[in-house]
Structures are given as structure tokens and as C-alpha cells.
Amino acid sequence: MNGKNPLFELFVFLQDPHLVASFQRLCGVRGTAREAGRLHPQQPAGAELAPALDGRGGIRTQTLTDDENPEESSSSSSVSERSKLTANGGRLTGATSAETPGQSTLRPRRKNSLTGEAGQEFLIENRFWYYLFTFGTELGNELFYISFFPFIAWNVDPFVGRRIIMLWSWVMYLGQCTKDLVSWPRPMSPPVVKVEMFYNSEYSMPSTHAMSATAIPVALFYMTSERWEYPSTLGFIVAPCWCLLVCVSRIYMGMHSVLDVIAGVLFSAVILLFLLPLLDVIDSFIMTWHSAPLVIVSVHVGLGLFCFTLDTWSTSRSDTAQILGTGSGVALASHINYRLGLLPDPDGLPLTLPALGAGLVLTCLFRLLLGVLVLMGTRELMKALTIPLLCRLVGLPGHDVRKARQHMEVELPHRYLVYCAVGFNVLFLVPIIFNLLSL
């Protein structure tokens, strides 16, 4: 016997960054010769690229200037520069000799949220996969959440809307805490090409995108299957396709290993097994108990304080504060709505889908646009109020907002308070405006 554990070997294989890089190459993502030369100017052509560790599990890259690499300077100066904008906002940079017809040289669309690093250039040989997986990864980002959840609450079913937001906040909170406990770094680059950089400073295991992509469609199907009349096959098709698209997109983007996304799916499934049967009890407590507001705020603040002591500062801290604030605000609004008799749950189940017509579509779109504008206004107003107040409380100058938000004692309560107000207005202020306007 060689003493090797097959399960351990499987884990090592699924976590291997070369597996991620192989999938990226299969989908037409490649690093450019220009960037490979900058990272490893002395490396022979075709040799294996080895990452340099910075001592904290991250990757330290070295970028040479044109003066330090004369060959690079002379070759790049002979290439005509061209700049275009792709449909999804990616910047098409100057073409190099490595680019051939049908290829696009791009950089990540958003900079690293913590360091501001823009990332390295990469080649896209198959634009279909690039656009598809860019869409897939956006299904786990803030823009999607701030539009999809309110759309469900405002245009489909407030009952489902409030429950899916509360369930999502628990799933995401547990995922973020687990990331900090496990503390596994993102896949190494090279060999992985970083198509996305925004979350690159966070830990990797498990993938919270995968957790969200499992929880949202499965929970929606669970909550609506007996409330609404529609073909059950639709849920069985949409849920796995949604989950698969987001999970594969995270591997394509170079943000997660295969093991990360598998763990995210399984972890989310376990959480759902515990929480879905308890939704009626939790929802009843939030809506009806007189002490619910105090419990809601105390529990969310306590969970935040626990999570923030797990590790040193990272961008996941502000994301966690944002998640907890949203869940707290929605829960508080649900309690107040019940007390005031606003947004009552409809009678006569199961509900039937209305006939889809131009008038209904336009009304839904107008409600969504107006509601999102109110939420954006809420967010900006709360930012303007909370940052100067928090700076004064902790003794920091408040004239430079960007610098002030780099301090944990400002950023974390700021994020919590801002998104608590946003979550509150999703179910309180915006529906009141709709009633006043007879929408």
C-alpha cells in the first residue's frame, strides 16, 4: 500500500489552479505574451510559470517598466495602439503581436475593491463564453441583488420577497464567516488568468456566488410552488441552470477552484435543509412579536461583531456588514408593515399568474425604475449622514470620504446603517409611494 488517501487526492485535484487554467483555455481565455514577459522576463518560452508568495497566502507579482525591459519597449513601440469599448464595459486595450484576428485583448472590468489593482491583460478567443459567463457572474453581484429582490417584492409577491431576502442574508453571512475561518487564498495567478479582480483580495472557500446561486432559485421554487400556479417543470429547469451558470462562471473568471464552487453548493444545500422548514416560525416571530425589533437589531449586530473578530480587515467585512444591514432592515420593515396593516398577504391561494400584456410590463418596469431610484436616493442620503457622524464619533477627519472609509470603525457601521435603511425602504417607503401614485 502506498498510504495515499483517495479522498484527499481528489480534494487536491479539485483545488488545483491548473484545473482552472485548463478550463479557461478550453473556453478561449489566455494570458498575453506581453504580461507573461512582464511577470517573468527571464522565463524561457513555454516554461512553467511559478507564482511568488507574499507570505500571507497571496500572490506577489513584479511589473517591469519599459526601461527595465528594452525588448518589451522596442516591440511595443512598433505596435499601433487602438482602444475600443466592448458591449459589457470591458476595455479593449492596445493590440499586441500575440493578438490574432478573432481575439480581443482585455483587462478586468472592475479594479480590486481593496487595493485598486487593475489586473493583467488577457486574450479572449471566444466572445460567446466571455459574455455568457460575465452575465452569469453578475447574478451574484450587488447590481443584481438591488434590482432582482425588489422586483420580486414589488411586482410579484411581497410574501416571497421578504422571505427570500432574509434567507439570502443568512446564507451569505454564513458563507462569508466560513471564508474567514478557512482562509484559503484565491487560485494562483499564474497559471490562472484573472478575468475578474474586484473580489480578488477576499478568501476563496467556499464560493458565496455558488451559495447564492443555489439558495435563491431553490428557495424561490420552494416558496412559490404551492402559492402560484405554474408548471413545476419550470422550477426544475431554471434552478439547476441558474446554479450551473453562476458556478461555472466563477471558475471561468479565475476566482474559484472547482472545489470552492462544489463546497459552496453543498454548504448552501445544507443551510436550506435547516432554514426552509423554519421559515414559517421565523417569519411569524418577526411579524407578530412585540419584542421582535429589539431582537432583530441585537442579533444582527451581535453576528456582525462575531464575524469581524475572525480575521484581519478585508473587503469581506464590509460585504458582511452590508448583508446584515439589508436583512435587518427588511425584517424591521416586515414587522412595522404587519403592525400598521400594510402589504397584507393575499388570500385565495394558489395565486394565478396575470395575463402578460404591454400595460402590465410597462407598469412593472416603471415601478422597478421608480423604486430603484428611491433606493439609490436612500443610499446616497444615508452615506452623506453617516460618514461625517461616524468620523466625529471616532475622532477622524471627515473631509476625505475615501480615506475615512478605509478605517474599519467607520466603514463597518456605515455599511450596516446605509443598507439597513435601503432594506427597510424596499418593503416600507417604496410600497407607500406606489400606493400614493396608484401604481
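The structure we're discussing is the one just above.
I will try to describe carefully the structure that is included in this document. If you're wondering where the values come from, they're calculated on a predicted model, not measured in any experiment.

1. Topic: a nonpolar patch on the surface
Alright, step 1. A cluster of nonpolar side chains, L356, L360, V361, L362 and L365, forms an exposed patch at the surface whose accessible area comes to about 490 Å².
Alright, step 2. Tracing the backbone through its elements, the reader meets L362 in helix α14 (residues 358-394).
Alright, step 3. For L362, a relative accessible area of 58% gives the class exposed.

2. A few points about the environment of T320
Alright, step 1. Mapped onto the fold, T320 is located in helix α13 (residues 315-340).
Alright, step 2. The class of T320 is buried, set by a relative accessible area of 0%.
Alright, step 3. Linking T320 and M172, residues 148 residues apart in sequence, is a C-alpha distance of 7.8 Å.

3. Focus: the packing of helix α6 (residues 142-156) against helix α16 (residues 408-427)
Alright, step 1. Running from N to C, α6 and α16 cross one another at 25°; their axes reach a closest spacing of 9 Å. Taken as axis vectors, α6 and α16 run roughly parallel relative to one another. Mapping the contact onto sequence places E142, P150, A153 and W154 in α6 and Y419, V426 and L427 in α16.
Alright, step 2. For the contact of α6 with α16, the class distribution of residues is six nonpolar, no polar and one charged.

4. Section: unusual backbone geometry
Alright, step 1. Note that the residue after M205, namely P206, is joined by a cis bond; omega there is 0°.
Alright, step 2. You can see P206 is positioned in the loop between α7 (158-182) and α8 (208-224).
Alright, step 3. Phi is positive for S183, close to 60°, though the residue is something other than glycine.
Alright, step 4. Tracing the sequence through the fold places S183 in the loop between α7 and α8.
Alright, step 5. Classification of S183 by relative accessible area gives partly exposed; the value is 28%.

Reading guide: rules and limits
- Residues numbered from 1 in each chain as written.
- Predicted model: local features only at pLDDT ≥ 70, side-chain atom pairs only at ≥ 80, totals over all residues.
- Heavy atoms only, no water.
- Patch = residues over 30% accessible without salt bridge, like charges linked within 9 Å, V, L, I, M, F, W, Y side chains within 5 Å.
- Areas by Shrake-Rupley, 256 points an atom, 1.4 Å probe, with all protein chains shown as cover.
- Salt bridge = Lys/Arg side-chain N within 4 Å of Asp/Glu carboxyl O.
- Helix = DSSP H or I, 4+ residues; strand = E, 2+ residues; numbered from the N terminus.
- Buried < 20%, exposed > 50% of the residue type's maximum accessible area, 1.4 Å probe, protein only.
- Axes fitted to C-alpha atoms, helices over the stretch in contact; angles between N-to-C directions.
- Parallel < 35°, antiparallel > 145°, perpendicular 65-115°, else oblique.
- Contact = heavy atoms within 4.5 Å.
- Nonpolar A, V, L, I, M, F, W, Y, C, P; charged D, E, K, R; others polar.

These figures come from the coordinates and say nothing about function on their own.
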